[in-house]
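Spelled out from the first residue to the last, the chains are:
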There are 2 protein chains.
Amino acid sequence: MQYHLNGFRPGDPNQADAVAQNDTDIADVLIIGCGPAGLTLAAQLAQFSDIKTVIVDRKTGPLIMGQADGIACRSMEMFEAFGFAHKVALEAYWVNEVAFWTPEPTGQGLHRADRIQDVEDDLSEMPHTILSQARVHDFFLDHMRQAPTRLEPRYGLDLVSLDRPDDPELPLTARFCQTDEPHLSETIQARYVVGCDGARSQVRKSLSLTLKGDSARQLWGVMDVLAVTDFPDIRLKCAIQSADQGSLLIIPREGGYLTRMYIELGALGETERAADRAVTSHMLIARAQAILAPFDLKVAEVAWWSAYEIGQRVCDTFDDVPLIKHDTQTPRVFIAGDACHTHSPKAGQGMNVSMADTFNLGWKLAAVLRGQSAPTLLNTYSQERRAKAKELIDFDRDMARLFSARPKTDHDQFQTYFKKHGRYTAGVETRYDPSVLTGSSQHQALAQGLKIGMRFHSASVIRMADAKPMQLGHVLKADGRWRLIAFAPAQDFGVEHGTMFDLCTAITDIVARYTPTGSDIDSVIDTRAVFQMSHRKMDIGQLHPLLRPQKGQHGLVDYEKVFCADISEKVDIFDLRGIDRINGALLIVRPDQFVAHVLPLTDFASLSSFFEGVLLPRVSCR
Amino acid sequence: MQYHLNGFRPGDPNQADAVAQNDTDIADVLIIGCGPAGLTLAAQLAQFSDIKTVIVDRKTGPLIMGQADGIACRSMEMFEAFGFAHKVALEAYWVNEVAFWTPEPTGQGLHRADRIQDVEDDLSEMPHTILSQARVHDFFLDHMRQAPTRLEPRYGLDLVSLDRPDDPELPLTARFCQTDEPHLSETIQARYVVGCDGARSQVRKSLSLTLKGDSARQLWGVMDVLAVTDFPDIRLKCAIQSADQGSLLIIPREGGYLTRMYIELGALGETERAADRAVTSHMLIARAQAILAPFDLKVAEVAWWSAYEIGQRVCDTFDDVPLIKHDTQTPRVFIAGDACHTHSPKAGQGMNVSMADTFNLGWKLAAVLRGQSAPTLLNTYSQERRAKAKELIDFDRDMARLFSARPKTDHDQFQTYFKKHGRYTAGVETRYDPSVLTGSSQHQALAQGLKIGMRFHSASVIRMADAKPMQLGHVLKADGRWRLIAFAPAQDFGVEHGTMFDLCTAITDIVARYTPTGSDIDSVIDTRAVFQMSHRKMDIGQLHPLLRPQKGQHGLVDYEKVFCADISEKVDIFDLRGIDRINGALLIVRPDQFVAHVLPLTDFASLSSFFEGVLLPRVSCR
């Protein structure tokens, strides 16, 4: 954490100085819905005091009981960017291993067929965790409250209509009634509206979009219980397939005592709906007991339960621009999360993908509203996220079918599939297609393990100035900044006339084009460097000024730009991420932590032209 | 973290359920002073809803600007027991290395003579950190607020007198005046009073005790600055000895920009006091510039500064029992922290030793007040802590002399001393002498690296039930419980008829003597086991019920009692801590994390007699 830049200030450094905002009737962004998608977006936008954000929810207060609970490694990485991953890690259950139980070969009872590591080594520096969605909401709400804008949701507003005037200069108008007193209405005008209002999204309906897809017609129950059992793996994630009583998925929960169970309830008839079965918690318990037999299961308390059918559906587009006009028109209304894609909870992807949607959208909205990028940037949201939702739904369909399949035929197939797709469920397989934001793979060989279009994969380094061992990825905060990470060639100490020094000179020129006068040199594009030798061999006084920039009202030196490989480790970051030790590599990293490009350290022209494609010169800043 | 034991409860699990306390006029414990010593004690006692604690301070509100800042590894371990080490680690500066600068051999300017690791490998799982004392206070205050008693300090009460009636059945009476309105007075009665009221302690004076010792007559200045410099090691802890301008100690501070400087200002005359020199911040800056020359130092802002003389002084005793009566009388008034020992800030020990004082006292007061132990336990506080304070003062005197010594003669000596005493300054060298609380070293060989009388030295293990990699020491929470940690012999899987199983049967008998009827079996003595084989080879169903106890109103199983060596590591906990792999070892760990005894797994008699010496049978519980 960096603080005290503009003078010593006592108190909690997590609490940003409040900044008064312009008093305007028209919001920059109106977010409908305080679920994971809405809160991720609000937490991102709350950092910018020059953006007026309003977030509303039809519920009359924050979520108390969560439905979703699985937090993928990738989401933990994103929480780190928001500064609260450590809080989740402390409270959550950690999914370390998965056990697979199948019928005994005799047909009587169950046996543990396999037990595997849940997250493969070095897939992420973060664990796969389980924590109530309500707590995740709490952390986002805390983050918003501590941001310069002190953003708080407005609860109890139910969207009635959303008007979109044809003239793009005119604001959008959202009409609400009060949830508690439906005869009372209210109107909010905004430049952009984002519907994070769930599977029955009013915003989606206002765009005349529909969720398309099929249902596997499988009914499942889910319950959170405090139970006493002699089943030995009750504190492990378990996939249990009984001989003839169906399947059960056990997800241990936070706190050491709570358990979530997903229970197969059989196929639904052609016209049957989940509600028709009149499922009760007693039915769920009885079925769980039957599946787990001969192990004993006594449920002391059911904290929450539900029944649902599996369905995989997705919208054709995630914004208000018809597909055929995507080249000529920029969007003003977006949908995210369950509003534009639904799937089963089996793969534990719902909350994670919803948050990833708006983590993709947030920085883009901020860049356009702050005059850093042209509005066409906003077209990339639906392009990028719709393609990923489609992939998820295909994956989820396979996964759901396997979970519901009979054990005798599909046991091996299930396990093979489960292992193979560990990376997918960890959320780290997302790879955006080439676009203005995602460069060509021409120079990918310079950094084999840092794939263009995929999230920056962290590894440990030593911070030069204070010798602190840390994760390089943890400098990628959710602050809307682009980042350049220059990995130095061997024997380059960053001194004058060397490759790194010359690169820094070139970057300084490029950065100056986009950085508002009077702002710190790293306020739009933040440059970091990683050297190959021991930090003890470096001389900070010889480095380019870009790597020891003077910032803030006092011109204090920022000493946190330069890192070195951790030579005390057998394999360092250059080994782990396949970085060319002879030539080094330059990474362009998006504000949402995705690798936009890999370039040679000397290819100033490509670097320059990349930013010409995504950023506006500073004269346009508002 | 374990929660939801007595039913699912939404919300922040750090917030304990509030428990209404008996409305009584007489406090159990009155703590005078809200510094590190007072707050550590209050945070400990706040956990017990059957103890009424009152904490007051003469200041009218919480500390805003801290003086102390160094947090030793040992204090971080203690913070972990209170659940906030991760918050400190996140905000703080980490002391990773120390640089030593001395005059160039030519006599002109300075050069880096050496650069060493600050904390040796595996000295502690915690880093050595630097953070404002005010933030440490904040974390303790948060902890108190979240405890069952919702304890809050009362500010603005200045102690005037403390009456101790001869009859030990009568309460102590403390009279205060209000700091803001001195004509208004107030009286608080209490069974025990703890003076954590600093170097000018009123409580100490009421006991007619004095700080004894000498002063090195060296004047030092200290300042926290935001500065711009070309001195390359400004973000490292540095000891700088100039040729003829004196010495400077640089301590980088949290947030990346702030720096603390300790500056030598020369010897004081025989009758001279620090105040006589009329030190100003400008004088400190000028001297720092002279010492650092030819490096440049521009100070943009002085956040805080002070001047002080070094002195090492200690009280003869830390309670109200005259030395000659220590065998027959039990104490009711205690002093802790600066109230009973003062030293220079060079070794960074002030805040740390003060917190260690009351971490020693807190569980003892709780045990006596809750009827678990006889009042004679309280005599061990002064015995144990006074001996350690004396050691600290001897150490500090040597350290201060070396810091003030001329470089030409003592450079090598200084560095040698500095390295050698890294363990001491990390706070992990404290070793209590044999007593009722600290067993003989007869069986020390069974666990060579877990020294009797020293703090439990953590190492990583795998939690059996959920395969979580974690630090074993992190189960030692500040909850007033004794702990037994049984390290299993090789090939012992914990099954019936084995050494571990039989031990658990014996422990169950012993534990039953001290555990109140209706309380969980681990509520007074908490037993944990560590096995040598992979957690995947264990069968939880075969373990003794003590290692999978049923607890709370639902009889839910606690799955967090059993651990296994991390066989994926080259050296596991048995190697690291020198535990006898053939015979195993049984550790008795005090509620303040100190190892009380090491015994053979089969020595039930010694185990039984140890607890007879420190605990009262349950019939005595109030």
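What counts as what
- Residues numbered from 1 in each chain as written.
- Chains lettered and ligands numbered in written order.
- Predicted model: local features only at pLDDT ≥ 70, side-chain atom pairs only at ≥ 80, totals over all residues.
- Heavy atoms only, no water.
- Contact = heavy atoms within 4.5 Å.
- Buried area = accessible area lost by both parts, 1.4 Å probe.
- Salt bridge = Lys/Arg side-chain N within 4 Å of Asp/Glu carboxyl O.
- Polar contact = N/O pair within 3.5 Å; in protein donor to acceptor, adjacent residues only side chain to side chain.
- Helix = DSSP H or I, 4+ residues; strand = E, 2+ residues; numbered from the N terminus.
- Nonpolar A, V, L, I, M, F, W, Y, C, P; charged D, E, K, R; others polar.
- Pairing = 2+ DSSP bridges.
- Buried < 20%, exposed > 50% of the residue type's maximum accessible area, 1.4 Å probe, protein only.
- Phe/Tyr/Trp six-rings, centres within 6.5 Å; stacked < 30°, edge-to-face > 60°.
- Axes fitted to C-alpha atoms, helices over the stretch in contact; angles between N-to-C directions.
- Parallel < 35°, antiparallel > 145°, perpendicular 65-115°, else oblique.
- Left-handed = near helix turned anticlockwise from the far one by under 90°.
- Expected span 1.5 Å × (residues − 1).
- Arc of directions from axis to C-beta.
- Disulfide = S-S within 2.5 Å.
- Least-squares fit on C-alpha atoms with pLDDT ≥ 70 in both.

Draft legend 1. Structural detail: the interface of chain A and chain B. Every contact between the two is made by 60 residues of chain A and, on the other side, 60 residues of chain B. Roughly 5400 Å² of surface becomes buried between chain A and chain B when both sides are summed, with 59% attributable to carbon and sulfur atoms. Counting across the chain A and chain B interface gives four salt bridges. Applying the counting criterion to the chain A and chain B interface returns 22 residue pairs in polar contact (both at pLDDT 80 or more). Of all elements in the fold, only helix H3 (85-91), strand S4 (93-94), strand S6 (110-117), strand S12 (212-229), strand S16 (297-314), strand S20 (468-471), strand S23 (550-551) and strand S24 (556-557) of chain A reach the threshold of two or more residues within the side of chain A that touches chain B. Counting residues per element, the side of chain A that touches chain B draws most heavily on S12(A), at four residues. Of the residues contributing to the side of chain A that touches chain B, the split by class is 31 nonpolar, 15 polar and 14 charged.

Draft legend 2. Examining the sheet that holds S4(A) more closely. One open sheet holds the three strands; their spatial order is S3-S7-S4 (chain A), and the pairing between them is antiparallel. At either end of the open sheet lies a strand with only one pairing partner, and these are strand S3 (70-71) and S4 of chain A.

Draft legend 3. Main features of the pairing of strand S1 (residues 26-32) of chain B. Residue and element names in this part refer to chain B. Counting buried positions over the seven residues of S1 gives six, a clear majority of the element. Relative to strand S11 (residues 185-195), S1 runs parallel, the two being bridged by six bridges. The residue bridging Ile26 from the neighbouring strand is Gln189, located in S11. Where S1 lies against strand S2 (residues 53-57), four bridges are found, and the strand directions are parallel. Paired with Ile32 across the two strands is Val56, which belongs to S2.

Draft legend 4. Here's a closer look at the packing of aromatic side chains. Residues and elements named next belong to chain A. Throughout the structure, instances matching the rule amount to 38 aromatic pairs over all chains. Consider the rings of Phe84 and Phe140, whose centres lie 5.0 Å apart with planes at 85 degrees: the pair is edge-to-face. Of the two residues, Phe84 is situated in the loop between helix H2 (73-82) and H3 and Phe140 in helix H4 (residues 133-146); the sequence distance between them amounts to 56 residues. We note that Phe84, like Phe140, is buried.

Draft legend 5. View of the packing of helix H2 (residues 73-82) of chain B against helix H7 (residues 350-369) of chain B. Residue and element names in this part refer to chain B. Running from amino to carboxyl end, H2 crosses H7 at an angle of 45 degrees, the nearest separation of the two axes being 10 Å. By the angle class used here, H2 and H7 are oblique. When you trace H2 past H7, the crossing you get is left-handed. Residues Arg74, Ser75, Met78, Phe79, Ala81 and Phe82 of H2 form the contact with H7, whose participating residues are Asn352, Met355 and Phe359.

Draft legend 6. Structural context of helix H6 (residues 281-292) of chain A. All names here are of chain A. Compared with an ideal rise of 1.5 Å per residue, which puts twelve residues at 16 Å, H6 spans 16 Å between its outermost C-alpha atoms and is within 8% of the ideal. All of the buried residues along H6 are Ser281, Leu284, Ile285, Ala288, Ile291 and Leu292. Along the long axis of H6, the arc covered by the buried residues comes to 130 degrees, so they all point the same way.

Draft legend 7. Just the state of the cysteines, in detail. A full pass over the atoms with the stated rule returns zero disulfides over all chains. The thiol of Cys34(A) is not disulfide-bonded; the next cysteine sulfur, from Cys196(A), is found 9.2 Å away.

Draft legend 8. Molecular detail of the packing of helix H11 (residues 499-514) of chain A against helix H13 (residues 604-614) of chain A. Residues and elements named next belong to chain A. Axis separation between H11 and H13 bottoms out at 11 Å; the angle between their running directions is 20 degrees. By the angle class used here, H11 and H13 are roughly parallel. Every pair of crossing elements has a handedness; the one defined by H11 and H13 is right-handed. Across the interface between the two elements, Asp502, Leu503, Ala506, Ile507, Ile510, Arg513 and Tyr514 of H11 pack against Phe604, Leu607, Ser608, Phe611 and Glu612 of H13. A breakdown of the residues in the contact of H11 with H13 according to their chemical character gives eight nonpolar, one polar and three charged.

Draft legend 9. A look at the relation of the copies chain A and chain B. Overlaying chain A on chain B yields an RMSD of 0.0 Å, the required transformation being a rotation through 180 degrees with an accompanying axial translation of 0.0 Å. Here the two chains are linked by the operation of a two-fold rotation axis. Rotation axis and chain A: the residue whose C-alpha lies nearest the axis is His86(A), separated from it by 3.8 Å. Taken together, the interface assignments show that 100% of the residues at the interface of chain A recur at the interface of chain B, consistent with an identical surface on both copies.

Draft legend 10. Main features of H2(A). All names here are of chain A. Of all ten residues making up H2, ten are buried, and the element is well covered by its neighbours. For H2, the full list of buried residues reads Cys73, Arg74, Ser75, Met76, Glu77, Met78, Phe79, Glu80, Ala81 and Phe82. Residues of H2 that are buried in the fold lie against helix H1 (36-45), S3, H3, strand S7 (129-130), H4 and helix H7 (350-369). Taken from the residues just after H2, Gly83 is the one with a positive phi, measuring 85 degrees.

Draft legend 11. Representation of the pattern of salt bridges within the structure. Counted according to the given criterion, the structure contains 106 salt bridges over all chains. Asp12(A) is the salt-bridge partner of Arg135(B), the closest N and O atoms lying 3.3 Å from each other. On the criterion of chain membership, the pair formed by Arg135(B) in helix H4 (residues 133-146) and Asp12(A) in the segment before strand S1 (26-32) is interchain, its members lying in two chains. Residue Asp12(A) is classed as partly exposed on the basis of its relative accessible area of 26%.

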